[in-house]
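Each chain is listed here by its residues.
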Amino acid sequence: MKSGKDPGNLTAFFRGKWHDFPQLIQIPMEDAGRMFVGEYNHSIDSKGRVTIPSKFREALGEHFTVTKGLDGCLWVYPQEEWEKFSEKLAALPIAKKDARNFARFFLAGASEAEPDKMGRVLIPQVLRDYAGLEGEAVVIGAGSRAEIWSKSAWAEVSTFDDVDELAEKMSEIGIEI
């Protein structure tokens, strides 16, 4: 991962360990209540604020949660979805070190956000540092949540050079097109 700070390479850790916690990673779309889709480019101002697209603001509501996500981005949850996600984190077996680390990763950096009249939210410095956010950001829809990416990191992960390989991977996880 070239952008953002990922102490101890947590992204690789979670990629390798996600199968231990499938009930946490897989959020059924029928339970999502909202579907976030689309890609929007926005500037990050000198105070660390980024504009949340108006379509997303409607679905997110007046208060929502921003936290560290996997792959060096930030995850943005409507309050209802955050409550579901945090309940799943609380249900992880505390006796397992991996489970404790998993919960810490998401909960320690979580921050409640409230858009101002212009639709901007302040992203705390610790989250901006984690995601490598400076200058330009990309806000994307990711089903039950939105994600905030640095422009350079998004350019890296959103390029699919081999569409056949992507289709094969989709088939492996049960998505047939």
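Coordinates for the structure precede this section.
Being a predicted model, the structure only gives us computed values, none of them experimental.

Caption draft 1: Region of the structure containing the packing of helix α5 (residues 79–90) against helix α6 (residues 97–108). Running from N to C, α5 and α6 cross one another at 150°; their axes reach a closest spacing of 10 Å. With respect to their mutual orientation, α5 and α6 come out roughly antiparallel. Taken as a pair, α5 and α6 cross one another with a handedness that is left-handed. Residues W82, F85, S86 and L89 of α5 form the contact with α6, whose participating residues are F102, A103, F106 and L107. Class assignment of the residues belonging to the contact of α5 with α6 gives a composition of seven nonpolar, one polar and no charged.

Caption draft 2: View of the pattern of salt bridges. A complete count under the given rule lists six salt bridges for this structure. A salt bridge links R49 to D45; the shortest N-O distance between them is 2.6 Å. Through salt bridges with shared partners, one network takes in D45, R49, D116 and R120.

Caption draft 3: Fine view of the side chain of R128. Tracing the backbone through its elements, the reader meets R128 in helix α7 (residues 125–131). Of the side chains bearing the opposite charge, D129 lies closest to the buried R128, which forms no salt bridge; the N-O distance is 6.0 Å. Side-chain polar atoms of R128 contact the backbone oxygen of I123, separated by 2.4 Å.

Caption draft 4: Summary view of α5. With 12 residues, α5 ought to run about 16 Å at 1.5 Å a step, and its terminal C-alpha atoms sit 16 Å apart, in line with that. Taken as a whole, α5 has its buried residues at E81, W82, F85 and L89. Taken end-on, α5 shows its buried residues confined to a sector of 100°, consistent with a single buried face. Turned more than 90 degrees away from the buried face of α5 sit E87 and A90, all of them exposed.

Scoring rules and cut-offs
- Residues numbered from 1 in each chain as written.
- Predicted model: local features only at pLDDT ≥ 70, side-chain atom pairs only at ≥ 80, totals over all residues.
- Heavy atoms only, no water.
- Axes fitted to C-alpha atoms, helices over the stretch in contact; angles between N-to-C directions.
- Helix = DSSP H or I, 4+ residues; strand = E, 2+ residues; numbered from the N terminus.
- Parallel < 35°, antiparallel > 145°, perpendicular 65-115°, else oblique.
- Left-handed = near helix turned anticlockwise from the far one by under 90°.
- Contact = heavy atoms within 4.5 Å.
- Nonpolar A, V, L, I, M, F, W, Y, C, P; charged D, E, K, R; others polar.
- Salt bridge = Lys/Arg side-chain N within 4 Å of Asp/Glu carboxyl O.
- Buried < 20%, exposed > 50% of the residue type's maximum accessible area, 1.4 Å probe, protein only.
- Lys, Arg positive; Asp, Glu negative; His and termini not counted.
- Polar contact = N/O pair within 3.5 Å; in protein donor to acceptor, adjacent residues only side chain to side chain.
- Expected span 1.5 Å × (residues − 1).
- Arc of directions from axis to C-beta.

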